[in-house]
Amino acid sequence: MSFDPDPPWTTNRDWIFPSQSFNLPRTPARRFSSPYPRTTSFQTSLSPPSSNSTPSAVHRTLRRRISHRHRIVERETSVDAARDEIHGKSNDVAVQSEDCPSSGNKTTSVDKKFAGFFRRFTVSRQAACIIAILVTCFTCLVHKNFSLHNQVNDLQDELSKLSIRLRRCNISDSIDIIDSMSEHNVSGASLKNTALILSFMMFSLPLVFVKYMEYISYIRRPSDSTTEELSLNKQLAYRVDVFLSFHPYAKPLTLLVATLLLICLGGLALFGVTDDSLADCLWLSWTYVADSGNHTNTEGIGPRLVSVSVSFGGMLIFAMMLGLVSDAISEKFDSLRKGRSEVVEQNHTLILGWSDKLGSLLNQLAIANESLGGGTVVVMAERDKEEMELDIAKMEFDFRGTSVICRSGSPLILADLKKVSVSKARAIVVLAEDGNADQSDARALRTVLSLTGVKEGLRGHLVVELGDLDNEVLVKLVGGDLVETVVAHDVIGRLMIQCARQPGLAQIWEDILGFENCEFYIKKWPQLHSMQFEEVLISFPDAIPCGIKVASSGGKIILNPDDSYVLQAGDEVLVIAEDDDSYAPAALPMVQRGNLPKNLIIPKTTERILFCGWRRDMEDMILVLDAFLAHGSELWMFNEVSEKEREKKLTDGGLDISRLANIILVNREGNAVIRRHLESLPLESFDSILILADESVEDSAIQADSRSLATLLLIRDIQAKRLPYRESMVSKIHGGSSSQGSWREEMQQASDKSVIISEILDPRTKNLLSMSKISDYVLSNELVSMALAMVAEDRQINDVLEELFAEEGNEMQIRGANLYLCDGEELSFYEVLLRARQRREIVIGYRLANADKAVINPPAKTERRKWSVKDVFVVIADKE
C-alpha cells in the first residue's frame, strides 16, 4: 500500500478518506479476475486558497487539515497491518499448493514407496495407524488452505465495493463542507462585529446621557412655561437619594447590578475581538473582573485593550465592594459597642434612666441576688454604652455574681424598649432625672405611657421614682395596678423629720431598707394557721413578725395587729429577717410575761427646731411637724427667701399658717454659708437642726452637698464656742494652745447638746461626714435607692414603707429601756417583746448604752441578760 504525494493545493477532499491498493498474489491452481484494477490509488488534493482569504484564516485551515491527515494516516497504518497479515497467510497457502501440484500424484508416489517397503519388510499394525493419521492431517491442511484462499477473495471484493462508495461520498462532502465553512465565516464575522459595536454603545450611552443631561432637560422644558421646573439631573439625583435611603439593601444591590453589567459588556467586547464562543468570553470577562492579573497572557491589540478595560472596572468594583463590606462590619461593631443589639434575657431587673442613685441601687440589687447565685440587671439610658460601663466599673462595690448589661436607648421609644426585653423583665425601675422635678416627673409619666403600650404586655411591675408628691396621683392613674411609686423628695423630708426628733433613727433605717442586714419579707406558713398573733411573735427564732397580710381583705397588710388576731388560711406573715431563706417557724418557747413599770406615760415637751434652707415641699414638712410636736413648739426657718414670698409659696402649696395647732413659725432671712448671718441665730438653743438641700442648688448634687457641708461646719464651730464647757476644753490644752484635732473634739462635744441632720445627695459626701463624726446622721439619696431596690424585689413592701413614712399609722421609733424594765433587771429579748405588747408595740431591736450601733433582729432571743435603763429599744408603734 502506498500513497501518492498530495499536491499543495487541490479542491478535492479525498485525503480525508484515502483509497487503498492491494497486490493480490496469483496461485497456479486458480486465477482470480476482477473488473476493478488490482492496484488503485486515490489522490486527494485541495484547491489553493482564494485571494480574498486572510493569512490568519489560511493558517487556521492548514492546521486543521494537517491534524485530520495525521489521524487518517494512523488509521491506514492499522488497516495495512491487518491486510499484510491476510496476504501472508494466502501466500503461504499458495506456496504450499505450488509445491504440491496434485494430490493424486502425491498419493501415487507414496503408495509406490510403501509397496516397495511392504515387499521388503513385514509392516506392523502400529506403523499402519501412524501412516493413516499423517494422511488425515495432511488432507485437513490442504482443505484449510483452500478455505482461507476463498475468504481472501471475498474480502477483496468487498473492499473494492467500499472504495467505490467512498470515492463518491468524498466528492459530495468536500463541496458541502467548503460551502458551510464560507457561510459560517461570514455569519461569525458579522456577529462579532455586532457584539463589539453593541458593547461600545452600551458603555458610551450613560456617559453621553450624563454629559448632555442639562441639554436634554432644556429641550424638554416648554418655551412658554412660566413656572420654575427642576432640571433632570436634580430629579435623577433625588430619585437615587430616595432609593438609597428607602431600601436597606440598596448599596449591595447597586454593586451587584454594576458587576453583572461589567461582565456582560466585557464578554460582548471579547466576543467581538476574539474567536472564542460567547460563553467562554463571558467566563473570561468574569475572571478579569475577579482578578485583574488574569489578562497578562492576552495576545493581540484588541483583546488586550478590552481585557485592560474590564480589569480596571473590576478593580473599581472590588474596591467599592471592599468598602461596603468594611462599612458593614464597622457598623456592626459600632452597634455592639454603642449598645444597639437586643438583650435576650428573662426574669431580669430593668432600670430605665440614669441618676446619682444608680450606684446604690445596683449595689442593693447585687446584695439581694447573692443568695440566688447572682442575677441580671439591664440598664438603658440615653447615654453612650461605653461611658455607662466605665462609670459602673468605677463604683466601689462587689457585684456578687450579678451581671450588669448596659444599652443605649430612650425609654420613650417602643423599639428601644423591645431591645431590652421589657416584656420579660420581672421588675422595671424608672429613675427620676437629676434636675427640675416637674420635668423629671413629666418624663416619667411619658415612660409609663410607653410601657403600658407594649403589645406583648408586661410580666413584672413598675417602680417609678417621682420628685414631687403632687404628681403621684397622675402616674398611678396612667399605670394602674402595675405601678408602684416612690417619691424621693418626700421620703427624704419625712425621714429627716423623724430622725431629727429621734436621734439614731437614721442608722436604723439604713439597716432596715438595705439588703446587707435585715429587711422585710412576706411569706405564707400553713403551720401557723389558727394561731393568735401573740403566739406568732415568738414562733420565729431567726425573725421578728411585725404584720399580717390578710387574704380576706384583698391582700391588705396590717402592721402591728392585735394580739388576739387569729391567722386564717391564705394569710401571710410580714417579718424582719436577714434573708428570705434564713428563717422558719419553730416550736413555741416557754416565755414568761412580766409587768411594765408603773410610769407608762411619755409626756410631750416643747421643742425648738431650725430649718436651714428652702425645699419645694416645705409645706408638707411643716404639716408633719405640726402633727408630731407638742403644743408651743417653735419652727425657725432660715433661708434667703423673703418673708412675703415664703407666705405666698406656702399658701400656693395648700398650707394655711393660721391653722397650725402645735408649732409657731419664726422667719429669719439670711445666707446659711455666711458665718455672720449664722451667728445672729441662737444656735445653742435648738433641739434639732435640719440642713436642707436648698431649692436653688438642688439640680447639682455636688453644689448642694458643698453648701450643706459648709453650713454644718459653721454651725458646729459656733455651737462649740458658745457652749459652757468651752473654757474647760481650753484648760485641758497645755498653755491654751490648740492641738491637732481639737476642733473635731469640740464639734463632737457640741453634737451631744443638739442633733443636726444634713440632707446629702451624693453618697461620697455622706461617707466623708460619717468618718469625721461631726454630724449625728446623714440622710442621702442612698436611702431612696434602698427603698427602690426593696420595692423592685417585692412590690408588697411599698405598702409597708408608705405607712411607716406617712403622718398616720405606725412608724419606727426609739424608746428608752425604762418604759419596759427596771435598771439591772435580767430578761430575755422575748420577755421584753411580750412586755412591749402591753403598749401595743413590737420591739425589733435594741442599742446598748455603750454601743455605737443598734442590733436589729438579735439572734439569741431566749438568752437572758441584764439591761440598763440607759439602753434603748427600736420599736414599731402607732404615731398617736
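Starting from 1, residues in each chain are numbered consecutively following that chain's sequence as written. This being a predicted model, a pLDDT of at least 70 is required before a residue's local features are given, and a value of 80 or more before pairs of side-chain atoms are given or counted; all residues contribute to the totals for chains, interfaces and linings. Values shown for side chains rest on all heavy atoms present in the structure; no hydrogens or waters enter the calculation.

Observations regarding the overall build of the chain
At step 1: Summing up its helical and strand segments, the chain has 26 helices and 22 strands in all.
At step 2: In what follows, a contact means two residues having at least one pair of non-hydrogen atoms within 4.5 Å. In the chain, the share of contacts with a sequence separation of at least 24, taken over all contacts with a separation of at least 6, comes to 76%.
At step 3: About 48600 Å² of surface is accessible on the chain, with carbon and sulfur atoms providing 56% of the total. Secondary structure follows DSSP: runs of H or I at least 4 residues long count as helices, runs of E at least 2 residues long count as strands, and numbering of each begins at the N terminus. For the area figures, the Shrake-Rupley method with a 1.4 Å probe applies, and any residue is considered shielded solely by the protein chains shown.

Description of the packing of helix α15 (residues 505-513) against helix α24 (residues 781-793)
At step 1: Axis separation between α15 and α24 bottoms out at 9 Å; the angle between their running directions is 30°. In terms of their interaxial angle, α15 and α24 are classed as roughly parallel. Note on packing geometry: the crossing formed by α15 with α24 is left-handed. Of the residues in α24, those touching α15 at Trp509, Glu510, Ile512 and Leu513 are Leu783, Met786 and Met790. Note on geometry: axes are C-alpha line fits, over the in-contact stretch for helices, and angles between N-to-C directions span 0 to 180 degrees. Our angle categories are set so that under 35 degrees counts as roughly parallel, over 145 as roughly antiparallel, 65 to 115 as roughly perpendicular, and the remainder as oblique. Put simply, a crossing is left-handed when the front helix is turned counterclockwise from the back one by less than a right angle, and right-handed when it is turned clockwise.

Description of unusual backbone geometry
At step 1: Unusually for a residue other than glycine, Arg400 sits at a positive phi of about 55°.
At step 2: Topologically, Arg400 is positioned in the loop between α10 (385-393) and β3 (403-408).
At step 3: Buried, partly exposed and exposed residues are distinguished by accessible area as a fraction of the type maximum, computed with a 1.4 Å probe on protein chains only: under 20%, between the cut-offs, and over 50%, respectively. Residue classification places Arg400 among the partly exposed positions, given a relative accessible area of 29%.
At step 4: Phi at Ser530 is positive, roughly 75°, even though this residue is not glycine.
At step 5: Position of Ser530 relative to the elements: it lies in the loop between β7 (519-523) and α16 (533-537).
At step 6: Ser530 gets classed as exposed once you look at its relative accessible area, which sits at 63%.

A few points about the packing of aromatic side chains
Between two aromatic rings, the relevant description is the distance of the centres plus the angle of the planes.
At step 1: Think of it this way: a Phe, Tyr or Trp ring, Trp meaning its six-membered ring, pairs with another when their centres are within 6.5 Å, and the plane angle makes it stacked under 30 degrees, edge-to-face over 60, tilted otherwise. Per the stated rule, a full pass over the model turns up ten aromatic pairs.
At step 2: The interplanar angle of 80° and the centroid separation of 5.5 Å between the aromatic rings of Trp636 and Phe686 together place this pair among those described as edge-to-face. Highlighted residues: Trp636 in strand β12 (residues 633-639) and Phe686 in the loop between α19 (675-679) and β14 (688-691), separated in sequence by 50 residues.
At step 3: Given the relative accessible area of 9%, Trp636 is considered buried.
At step 4: The criterion is that NZ of a Lys, or CZ of an Arg, lies within 6 Å of the ring centre and within 35 degrees of the ring normal, and then a charge sits over that ring. Sitting over the face of the ring of Trp354, Arg383 holds its NZ or CZ atom 4.5 Å from the ring centroid.

Quick look at the sheet that holds strand β22 (residues 872-878)
At step 1: Taken in spatial order, the four strands of this open sheet run β17-β22-β19-β20, and their pairing is antiparallel. The sheet is open, and its two edges are formed by β17 (810-816) and β20 (855-856), each paired on a single side.
At step 2: Should DSSP find at least two bridges between two strands, the strands are taken to pair. Direction of pairing for strand β19 (residues 842-847) relative to β22: antiparallel, over a ladder of five bridges. From the neighbouring strand, Arg847 faces β22, where its bridge partner is Val872.

Overview of the sheet that holds strand β1 (residues 349-352)
At step 1: If you walk across this open sheet you meet the six strands as β3-β2-β1-β4-β5-β6, and the pairing is parallel. Either end of the sheet is taken by a strand with one partner, and the two such strands are β3 and β6 (483-487). Strand-to-strand twist in this sheet, taken as the mean axis angle between neighbours without regard to direction, amounts to 20°.
At step 2: Taken together, the four bridges between β1 and strand β4 (residues 427-430) define a ladder with parallel strand orientation. Looking at the pairing, Thr349 lines up with Ala427 of β4.
At step 3: Relative to β6, helix α13 (residues 472-479) is tilted by about 165°, and along the sheet it contacts β5 (461-466) and β6.

Observations concerning the packing of helix α14 (residues 488-501) against helix α17 (residues 618-628)
At step 1: Packing of α14 against α17 brings their axes to within 10 Å, and their N-to-C directions diverge by 35°. At the point where α14 passes α17, the crossing takes the right-handed sense. Across the interface between the two elements, Gly493, Arg494, Ile497 and Arg501 of α14 pack against Met621, Val624, Leu625 and Phe628 of α17.
At step 2: Amino acids outside the nonpolar list (Ala, Val, Leu, Ile, Met, Phe, Trp, Tyr, Cys, Pro) and the charged list (Asp, Glu, Lys, Arg) are all regarded as polar, and Gly is one of them. In terms of residue class, the contact of α14 with α17 is built from five nonpolar, one polar and two charged.

Side note on the pattern of salt bridges
At step 1: By salt bridge we mean one thing: a side-chain nitrogen of Lys or Arg within 4 Å of a carboxyl oxygen of Asp or Glu. For the structure shown, the criterion picks out 32 salt bridges.
At step 2: Between Asp562 and Arg840 there is a salt bridge; the shortest N-O distance is 3.1 Å. Taken together, the residues span a long stretch of sequence, with Asp562 in the loop between β9 (556-559) and β10 (572-577) and Arg840 in the loop between α26 (829-836) and β19 at a distance of 278 residues.
At step 3: Classification of Asp562 as partly exposed rests on a relative accessible area of 41%.
At step 4: The class for Arg840 is partly exposed, based on a relative accessible area of 38%.
At step 5: Arg675 is the salt-bridge partner of Asp717, the closest N and O atoms lying 2.7 Å from each other. Taken together, the residues Asp717 in helix α20 (residues 701-722) and Arg675 in helix α19 connect sequence positions 42 residues apart.
At step 6: The exposure class of Arg675 is partly exposed, given its relative accessible area of 27%.
At step 7: Residues joined in a network through salt bridges with shared partners are Arg675, Glu679, Asp717 and Lys721.

Some thoughts on α17
At step 1: Where burial is concerned, most of α17 is hidden: eight out of the eleven residues are buried.
At step 2: Along α17, the residues that are buried comprise Met618, Glu619, Met621, Ile622, Val624, Leu625, Asp626 and Phe628.

A look at the nonpolar core
At step 1: Joining through side-chain atoms within 4.5 Å is the link that ties buried Ala, Val, Leu, Ile, Met, Phe, Trp, Tyr and Cys residues into a set, and such a set is a nonpolar core. Of all hydrophobic cores here, the largest spans 123 residues; its most connected members are Ile351, Phe520, Phe611, Ile622, Leu690, Met812 and Phe873.
At step 2: Counting residues per element, this core draws most heavily on α24, at nine residues.
At step 3: Once residues lying within four places of it in the same chain are set aside, the contact partners of Phe520 are Ile512, Cys546, Leu574, Val575, Ile576, Met790, Ile797, Val800 and Leu804.
At step 4: Counting residues in hydrophobic clusters, the runner-up holds 23 residues, among them Val454, Leu462, Leu466 and Val475.

Here we look at the pairing of β19
At step 1: The element β19 is largely enclosed, with a buried count of five among its six residues.
At step 2: Here two bridges tie β19 to β20, and the two strands are oriented antiparallel to one another. Residue pairing in the sheet places Gly845 in a bridge with Ile856 of β20.

As for a nonpolar patch on the surface
At step 1: Surface patches are drawn from residues lacking salt bridges whose relative accessible area is over 30%; two like charges belong together within 9 Å, two nonpolar side chains (Val, Leu, Ile, Met, Phe, Trp, Tyr) within 5 Å. Taken together, the side chains of Trp283, Trp286, Phe318, Met321, Val325, Ile329 and Phe333 present a nonpolar region at the surface, about 710 Å² in accessible area.
At step 2: Listing elements by their share of the nonpolar patch, those giving two or more residues are α7 (278-290) and α8 (301-337).
At step 3: Considering every element that reaches the nonpolar patch, the biggest residue donor is α8, with five residues.
At step 4: Relative to the elements of secondary structure, Val325 occurs in helix α8.
At step 5: Its relative accessible area of 43% is what places Val325 among the partly exposed residues.

Digging into the side chain of Asp490
At step 1: Among the structural elements, Asp490 can be located in helix α14.
At step 2: Apart from residues no more than four positions distant in its own chain, Asp490 is found in contact with Leu469 and Asp617.

A closer look at the confidence of the model for the chain
At step 1: pLDDT measures how confident the predictor is about each residue, on a scale from 0 to 100. Of the residues in the chain, 74% have a pLDDT of 70 or more, and the chain-wide mean is 77.
At step 2: Between residues 1-62, whose pLDDT stays under 50, and residues either more than four places distant or in other chains, the model counts 104 contacts.

Brief notes about the pairing of strand β2 (residues 376-381)
At step 1: For β2, a buried count of six out of six residues is recorded, marking the element as mostly surrounded by other parts of the structure.
At step 2: The alternating pattern of β2 places Thr376, Val378 and Met380 and Val377, Val379 and Ala381 on opposite faces, both of which are buried.
At step 3: In this structure, β1 lies alongside β2, joined through four bridges in parallel fashion. The partner of Leu350 across the bridge, within β2, is Val378.
At step 4: Handedness of the β1-helix α9 (residues 358-368)-β2 crossover: right-handed.
At step 5: In this sheet, β3 lies alongside β2 in parallel orientation, the contact comprising six bridges. The residue of β3 that forms the bridge with Val377 is Val404.
At step 6: Here is how to tell: hold the view so the strands point away, follow the path from the first strand over the helix to the second, and if it runs clockwise the crossover is right-handed. Chirality of the crossover, the property in question, places the unit of β2, α10 and β3 among those that are right-handed.

Points about the environment of Ile674
At step 1: Inspection of the secondary structure assignment puts Ile674 in the loop between β13 (663-669) and α19.
At step 2: Considering only alpha carbons, one finds Ile674 and Thr711, 37 residues apart in sequence, at a separation of 8.2 Å.

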